[in-house]
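Here's the letter readout for the chains.
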Amino acid sequence: MTLLSDQTTAALPDITADERAARLTDAGSAWNERIARDAANAALTYRVTGRGVGAVGTEITSGRHRFLVDEPAGLAGDDAAPSPVEYALGALVSCQVVVFRLYAQALGLTIDDIEITAEGDLDVRKLFGIDESGRAGFHDVRVRVEITGPNSADDYDRLRAVVDEHCPVLDLFANPVPVSGALV
């Protein structure tokens, strides 16, 4: 991610497996308590704003975070940052990592290391108005998960099934979501 900030960006801290387990357990408990008090606490709204910069780039603001999205030169961009579809795949990968960690903790499984790769196939004919019959977005996405840890392959297969059922970004890719738009 290309950050747009005058501040030095701190790297994510290295934490121990025990520290990770405690944070995951605490977060799960806190959310369970909030939602038990009031089911409305489960409803979250995220807001991200983008402003056009450069040829076809976008400066994105999300809370206190700012980052740049661009296109490669072949798609009229300056190649200053990942493209929107690369960020979409990155969102899928990062959400999977979170949900794998969350459910491994909940199921008593250990993940020593996890690496996830997502590939998406996109046909640009619709994007450029050459052929209106296809999809504008990905027509195929493949996710490859590599986990190392002491549990059995069957345990990690069961974990994968749970993750696939509960991953919010995978759900966005796999199911239609109503989207409304307005020009203001």
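Parameters at a glance
Residues numbered from 1 in each chain as written. Predicted model: local features only at pLDDT ≥ 70, side-chain atom pairs only at ≥ 80, totals over all residues. Heavy atoms only, no water. Axes fitted to C-alpha atoms, helices over the stretch in contact; angles between N-to-C directions. Helix = DSSP H or I, 4+ residues; strand = E, 2+ residues; numbered from the N terminus. Parallel < 35°, antiparallel > 145°, perpendicular 65-115°, else oblique. Contact = heavy atoms within 4.5 Å. Nonpolar A, V, L, I, M, F, W, Y, C, P; charged D, E, K, R; others polar. Phe/Tyr/Trp six-rings, centres within 6.5 Å; stacked < 30°, edge-to-face > 60°. Buried < 20%, exposed > 50% of the residue type's maximum accessible area, 1.4 Å probe, protein only. Lys NZ or Arg CZ within 6 Å of the ring centre and 35° of its normal. Salt bridge = Lys/Arg side-chain N within 4 Å of Asp/Glu carboxyl O.

Caption draft 1: Structural context of the packing of helix H1 (residues 17-37) against helix H2 (residues 84-107). Here H1 crosses H2 at 90 degrees, and the two axes come no closer than 10 Å. Comparing their axes, H2 and H1 come out roughly perpendicular. On H2, the residues touching Arg 20, Ala 21, Leu 24 and Thr 25 of H1 are Arg 101, Leu 102 and Gln 105. The residue inventory of the contact of H1 with H2, partitioned by class, reads three nonpolar, two polar and two charged.

Caption draft 2: Structural context of the packing of aromatic side chains. Using the criterion set out here, one finds two aromatic pairs in the structure. A centroid spacing of 5.1 Å and a plane angle of 45 degrees characterise the contact between Phe 67 and Tyr 87, whose relative ring orientation is tilted. Pair noted here: Phe 67 is in strand E4 (residues 65-69) and Tyr 87 is in helix H2, with a separation of 20 residues, a long-range link. When its relative accessible area of 16% is taken as the criterion, Phe 67 is described as buried. Taking the relative accessible area as the measure of exposure, Tyr 87 reaches 18% and is therefore buried. Ring geometry for Phe 138 and Phe 173: centres 6.3 Å apart, planes at 25 degrees, overall stacked. You can see Phe 138 sitting in strand E6 (residues 138-148) and its partner Phe 173 sitting in helix H4 (residues 168-174), a full 35 residues away along the chain. For Phe 173, a relative accessible area of 32% puts it in the partly exposed group. The aromatic ring of Trp 31 is capped on one face by Arg 34, whose charged end is 4.5 Å from the ring centroid.

Caption draft 3: Local environment of the pattern of salt bridges. Across all of its chains, the model carries nine salt bridges by this definition. Between Arg 142 and Asp 121 there is a salt bridge, with its nearest N and O atoms 2.7 Å apart. In this pair, Arg 142 sits in strand E6 while Asp 121 sits in strand E5 (residues 113-122), placing the two residues 21 residues apart along the sequence. Overall, Arg 142 belongs to the partly exposed group, its relative accessible area being 32%. For Asp 121, a relative accessible area of 27% puts it in the partly exposed group. Via salt bridges that share partners, Glu 119, Asp 121, Asp 140 and Arg 142 belong to a single interconnected network.

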